[in-house]
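Residue-level structure breakdown
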Amino acid sequence: MPEIHLKFQRQIPLSPPFSKGETDTKDKNKIRTGDPPLTKGGWGDLPLYFFPLFLLLFFASPATAGEWSGYISSEARLFLQDPLHEGQREQSLALAAQPEYYHAWDKSSFTAVPFFRLDSADTKRSQLDIREFFYLWYPGEFELGIGIRKVFWGVTESQHLVDIINQTDLIESPDREEKLGQPMVNLSIDREWGTFDFFLLPYFRERTFPGRKGRLRTAFVVDTDQAQYESSDKQAHLDYALRFTRTLGDWDLALSHFQGTSRDPSFKIGTDASGKPVFIPFYDQIGQTGLELQLVAEAWLWKLEAIHRSGQGKSYQAWTGGFEYTPLPVFLKPKWT
Amino acid sequence: MTRFALFLVILTLSPLSAFSQSPEEKGLEIAVEMNRRDDAFGDSTSNLEMILRNKHGEESKRVMRNRTLEVVGDGDKTLVIFDNPRDVKGTAFLSFTHKIENDDQWLFLPALKRVKRISSSNKSGSFMGSEFAYEDITSQEVEKYTYRWLKDEAYEGKAAFLIERDPVDPNSGYTRQLVWVDKAEYIPLKIEYFDRKNTPLKTLTFHDYQQYLERYWRADRTEMVNLQTGKSTTLKWQGYQFKTGLSDKDFNKNSLKRAR
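Residues numbered from 1 in each chain as written. Chains lettered and ligands numbered in written order. Predicted model: local features only at pLDDT ≥ 70, side-chain atom pairs only at ≥ 80, totals over all residues. Heavy atoms only, no water.

**Some details on the overall build of chain B**
In terms of regular secondary structure, chain B is built from 4 helices and 13 strands. Buried residues in chain B amount to 53% of all 260 residues. Looking at chain B alone, contacts between residues at least 24 apart form 44% of all its contacts between residues at least 6 apart. A total accessible area of about 12,100 Å² is found for chain B, and carbon and sulfur atoms account for 54% of it. (Helix = DSSP H or I, 4+ residues; strand = E, 2+ residues; numbered from the N terminus. Buried < 20%, exposed > 50% of the residue type's maximum accessible area, 1.4 Å probe, protein only. Contact = heavy atoms within 4.5 Å. Areas by Shrake-Rupley, 256 points an atom, 1.4 Å probe, with all protein chains shown as cover.)

**Brief notes about the packing of aromatic side chains**
Going through the model one piece at a time under the given rule, you end up with 31 aromatic pairs over all chains. Ring centres of F161(B) and Y186(B) lie 5.6 Å apart, and the angle between their planes is 45 degrees; this geometry places the pair in the tilted category. Pair noted here: F161(B) is in strand β8 (residues 160-167) and Y186(B) is in the loop between β9 (174-182) and β10 (188-195), with a separation of 25 residues, a long-range link. The pair F161(B) / Y186(B) is uniform in exposure class, with both members buried. Among the aromatic side chains, those forming a connected cluster through ring pairs are F41(B), Y212(B), Y216(B), W237(B), Y240(B) and F242(B). Seen from the ring of F152(A), R114(B) lies directly overhead, with NZ or CZ sitting 4.1 Å from the centre. (Phe/Tyr/Trp six-rings, centres within 6.5 Å; stacked < 30°, edge-to-face > 60°. Lys NZ or Arg CZ within 6 Å of the ring centre and 35° of its normal.)

**Here's the deal with the interface of chain A and chain B**
On the chain B side, the residues contacting the 47 residues of chain A number 41 residues. When the two sides are added together, the surface that chain A and chain B hide from each other amounts to roughly 3,800 Å², 48% of it contributed by carbon and sulfur. Ionic pairing is found between K113(B) and E132(A), a salt bridge with its closest N-O pair at 3.2 Å. Our enumeration of links across chain A and chain B arrives at 12 residue pairs in polar contact (both at pLDDT 80 or more). Secondary structure elements with two or more residues in the side of chain A that touches chain B: β2 (67-79), β3 (91-104), β5 (127-137), β7 (182-191), β11 (251-261), β14 (285-297) and β15 (300-311) of chain A. Partitioned by chemical class, the residues of the side of chain A that touches chain B number 19 nonpolar, 11 polar and 17 charged. (Buried area = accessible area lost by both parts, 1.4 Å probe. Salt bridge = Lys/Arg side-chain N within 4 Å of Asp/Glu carboxyl O. Polar contact = N/O pair within 3.5 Å; in protein donor to acceptor, adjacent residues only side chain to side chain. Nonpolar A, V, L, I, M, F, W, Y, C, P; charged D, E, K, R; others polar.)

**Side note on the side chain of S231(A)**
Residue and element names in this part refer to chain A. Mapped onto the secondary structure, S231 falls in the loop between β9 (228-229) and β10 (239-248). Of the residues examined, S231 reaches a relative accessible area of 11% and is grouped as buried. Aside from chain neighbours lying at most four places away, what touches S231 is H237 and Q285.

As structure tokens, then:
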């Protein structure tokens, strides 16, 4: 399908007084959002009480201590062929902003990253999400994180088999790289013998899917309002996860286990209120054990990820491997000004 | 007999006397002494400004913070946090340097919230696009070179040893380096680098040395000039602090993730 996809993203120093060095306040692409027509669906399933909390912090924080950063992006999608499915549009315009607030004390820190998107075509893609909103305490012997966070597991780039803590934000990007914030309590202990992480995940977030007008969608719309769960606790099911990582010379090793609500739904066919056929997501209870291996050999990185998953139909294994070759160090080339 | 005893006393009291040593032994002795005078610093923190200049004189600036932990019996652990330019702000770099083997290196990418292991075999590659190669800025361990004292030669009015050191690692970008070492303080004043074809490649000069804790000498400014391309890089160091109480816990993957 031919597609023209323009994306423009810009880092914006949101509060020049707090930032060191030069700041570019003459941003040509500053966007006035006006009254955002956020729909109910756009709020997703995020606990709403986080938002007032965030606003409180936003205004109550002492002006001398915090640090703001973030970005604003605009995106245009133009499809040259007629849509396949009823309701889809040829073009869409989207605006997104992701400010970040950070404050550090001596042995702890607070981070808040809200995310806003307005999409001209798909109301489901107009959303407000809290990507991160957490307090981190690191007295020395351990690290304790409480709140909404993003946690990445894995070594390969082609697909992320082992990565399971955060739900995928499929509306935001069809490549599954964008994630929703996950409420959690995370205890991490980093020692000579390795790093041990324990996660309690008290609230489940459903996967986002494009709405009827969205172009990058399945033939039947996924009706997220009718989502079903194997567990009677539904979204309140308490999930947990463990991970152990260790570096042994040129080897990096990680073992992990997750027990709880699958981030990948299975689908049933049903109908919506108006009788149209839709996919209904079904979230199973699963157990997933993961292995990550990485070997550094001169300029090469050799990578392997493997999982064993049970609870979603028949138990199964999957693995993915890859390599990375770095002829030059990762660091950037100078930009002459 | 008394004359012979006196001679023995002189001999034992003057281990640096040239006639008892080969140039290699003397070169190694100078390197060991440089290392000895700088050991037991424990840990240090500093702010670093890097100014890159091309041959037309155009400049580009980077700002970063440095934390170093001395590791007894091995290379140091280093954490570098980038503050500027803004598109790399929050990126952090953790390395465990080793005396002989390749270093262990990780990079934290703040936009992805990911720690990534990176390969360290390319020692001769540029550090952040500057004229400093990675091997120039990594901890300088005695075992990384073989040494030879050439002669005593004053450098800018200061009495100095001129030594040659040859990298042990076959992946090094250099055949040899000439180092002018201050005779009084055993600190480097100038280094000339020769590339794999043994032609002069770069010169590094050390300026405005300050002494910390009445022992450790650090240059406020170092200048690396590439003789072949005309590009140069200035490093300006500020706010040095020693023995700040950093430990291994401040140099692991968790601390890399929360460094900012």
